[in-house]
Structure formats: C-alpha cells, structure tokens
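# Coordinates in review
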Amino acid sequence: MESNPMQKLNDLSRSLTPLKPDGTLIAVIEMSLSSWLVAGIVPGIERQPLKKLEVDESTLLKLLIRWREEAKKSGHTIERIAVAFEAGRDGFWLARWLRARDIEAHIIHASSVAVSREHRRAKTDRLDTELLKRAFLGWLRGERDHCKMVAIPTIKDEDAKRPNRERESLVGEQSRIVNRMKAALVRLGIRGFNPKLKKAVERLDGLRTPEGEPIPPNTLAELRRDMARRRLVSDQIRQIEDTRLERLEQAPSDGPHAMVRLLARVIGVGIETADMLVQEVLSRNMRDRRAIARYAGLTGSPDESGRKRREKGLARSGNARVRRGMIQLAWRFLMFQKDSTLAQWFRARTENARSTRKTMIVALARKLLIGLWRLVREGVVPDGVLLRPVS
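The text that follows walks through the structure, step by step, so that each part is easy to find. Everything quoted here is computed from the prediction, not taken from an experiment.

### As for the side chain of H106
- In this structure, H106 sits in strand 5 (residues 104-108).
- Side chain to side chain, H106 and E104 meet in a polar contact 2.7 Å long.
- In this structure, H106 is in contact with V83, A84, F85, R99, F136, W139 and M149, ignoring residues within four places of it in sequence.

### Here's the deal with helix 1 (residues 57-73)
- For helix 1, built from 17 residues, the straight-helix expectation of 24 Å at 1.5 Å per residue is met to within 8% by its first-to-last C-alpha distance of 25 Å.
- Within helix 1, burial applies to L60, L61, L63, L64, W67 and A71. Buried residues of helix 1 fall within an arc of 160 degrees about the axis and therefore sit on the same side. In this structure, helix 1 carries K62, K72 and K73 as exposed residues pointing more than 90 degrees from its buried face.
- Elements in contact with the buried residues of helix 1: strand 1 (24-31), strand 2 (35-41), strand 3 (50-54), strand 4 (80-86) and helix 2 (93-99).
- Following helix 1 by one or two positions, G75 adopts a phi angle in the positive range, close to 95 degrees.

### A look at the pairing of strand 4
- With 6 of its 7 residues buried, strand 4 lies for the most part within the structure.
- Of the strand pairs in this sheet, strand 1 and strand 4 are connected by 6 bridges, and their pairing is parallel. Across the sheet, I29 pairs through a bridge with F85, a residue of strand 4.
- Relative to strand 5, strand 4 runs parallel, the two sharing 5 bridges.

Analysis parameters
- Residues numbered from 1 in each chain as written.
- Predicted model: local features only at pLDDT ≥ 70, side-chain atom pairs only at ≥ 80, totals over all residues.
- Heavy atoms only, no water.
- Helix = DSSP H or I, 4+ residues; strand = E, 2+ residues; numbered from the N terminus.
- Polar contact = N/O pair within 3.5 Å; in protein donor to acceptor, adjacent residues only side chain to side chain.
- Contact = heavy atoms within 4.5 Å.
- Expected span 1.5 Å × (residues − 1).
- Buried < 20%, exposed > 50% of the residue type's maximum accessible area, 1.4 Å probe, protein only.
- Arc of directions from axis to C-beta.
- Pairing = 2+ DSSP bridges.

The values reported here are purely geometric and, on their own, carry no functional implication.
Structure follows, in structure tokens:
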C-alpha cells in the first residue's frame, strides 16, 4: 500500500494502482450502529463470503486475515488487501486504523454510488454490499465514474476544523435563545426590550405588560435561565475566538495559519471567514479551479433531454459551510471592494437586470473563491482587490 499521505491528482475518481485480481483481496463494509456487514471477493474462493460482525475493528482484522489464509490455501498469494465503506457517521477513524496495519482502506462518497431508480426499490444491507462491491471493483480497475472516494484527513486536520464548527453551532444556539426570550416577552405585549444588554437581567423586574402587570413568575424564571444560558454561550464563543488568535500569534508561519493571515488581509474578510475557508477547503489538495467550485457546491445542475434545456439551480452536493460562507462573503465583497474587477463584472451584468442579482451573486461567489484559492496557493492577488497592510 502506498504510504504517502499526499493524494495524487485525480486519484479519487479512479484507482491509479493496477488491479491484479489473483493477488488482491477485496472487501466492503456496510456499517450501522449495532453491526457491520462485511462482503468479500477472495481469490480462489468461488463463493463470495458475507459475514455479519459486531462493531469491533479487531474482529474485522481477524476476518480479513482469515480470508487471506483461505486464499493462500487455494493457491493464491494475497499481495494487496483493499477495503472500502461509505462515508457516514463513523467518520475516518476506521480507515486510518486499517492503513496503520498495512491494509488499503478507502471511503466511498455515498452520493456517487448509482442506485436503482425504481419507485420502491428493495433495500437491505446485503443488497447495499452488492452495490458497493460493484462500484468498488470498477474503481479498482481504474474505470472512471463507478464511484468517487473521499479524501481521508489526518486526525490533526480533523481537529483543526472543530473550533470554527463549534463556534458556528454556538452562534446559532445564541440566536435561538435570544429569539425565544423576545418571543416570550412579545406574548405578554412587551416590545423593544433588548435581552442582550449587560443590565438586561436587572431590568427584568421593572418590565410591565400593557395592563400594568409585572412579568408572571414562571415566565420571569424562564427568562433568567435563558439569560444565564446566553451568557455562558457568549463566553464560550469568546474563548474560541481568543484561543484562535493566540494560536495564530504563536505560529504565524505555520501552513494553515499563514493562509489565514493572508486571507484576513483582504478588506472585507474577517478572521472567522478566513479560518473557515482555510480549514474547510483552501488547505485541501484540489486538482484545479473546477474542483474548488464543485467542492463548494457552487456549480449548476443542468437538466437536458432532447429539446428540454433548463437549470435546476445549485448542485448543493458540496460543503454547505463553504457555500453559505462564500455567498455571504460575496455580498460583503461588493461593499468593501467596489473598485475590484470582480465587483465591476457583477455590476455590469446586473445593472439593467436587477432580477438576476441572486443568480449572479452565486457566480460571483464562485469566481471569488477561485481567486482566493489562487491567492493562498500562488500569491496572485485578484485584480483591484485591496489588502490591509502587514501587521
């Protein structure tokens, strides 16, 4: 098995290693919460074994070794063990664990496996393993578009994404708490009260309904708990932001950190957006600009058949965080980088067709993402884009 962690270009849509069927043990795993169903193609064994296991990696390894010994008894020396399973809740740990034991492990992008389009197709774990076997076998033969593999990150790369994702979750939770408090007050006819103010808790006792009554005791207790909860969430958000800044200052020239600092120099791009883009997409080994746009889900989904030609909108098959962040950044970009070539391009196409602004902002987001990718990879500043001075 190749130990180089750097992905070769275009090796996610097909295998670049020639397949030797007589010396390769192939296995796929259908994973669930309670069990794993393992299906194999073992050289020299006419039957294609199928084994249900408890969720245990050691038992899986023993099964693969047993199949290898059965192949050896039938006169076939196994030089390669290739295992695949679909991307899902279990993440990447099993693939890393298998690779550390010299077993070639791949993770199949679940949406890339072709399935029957019957209205009520039969679906069982056994049938799913048959689908995975056919797709994986075609991939191993080097044939394109049987399925696509997911790049397997290191545990360090996975951990680097956690602060930004946790912050996004906490910001959403903070908004939900504030909206819940405002709704509780509006039900009583109290408007214009800002629960985010520092002295909001002290002012609760002085609030009165339109009838002149104080806030009922149960509602008042609920509001106090919500305010305490919001303060806790706000403190946790601040801790994440402070820790990120400390890490950037401690290792400013570290690969991802250098990218974040460079992106944050673009006027209109903050540290949060820069960190999200670097960790989610810009630090990955992408093949070209098309791959960048496709990963972000900023490409179209055409529907063509005969004379019918229509566009169904965004593919939405990429990284939703990157897609949302880039569309928000594109709107900000029009405010802070008015004289840039990209902003002028957008204005020229929407000036006399205001109804196309929502469509064109997606095109701007795609062009901007490609421009930022070239900035961090090649140091090429997009035309007309203003940078903050080096701090």
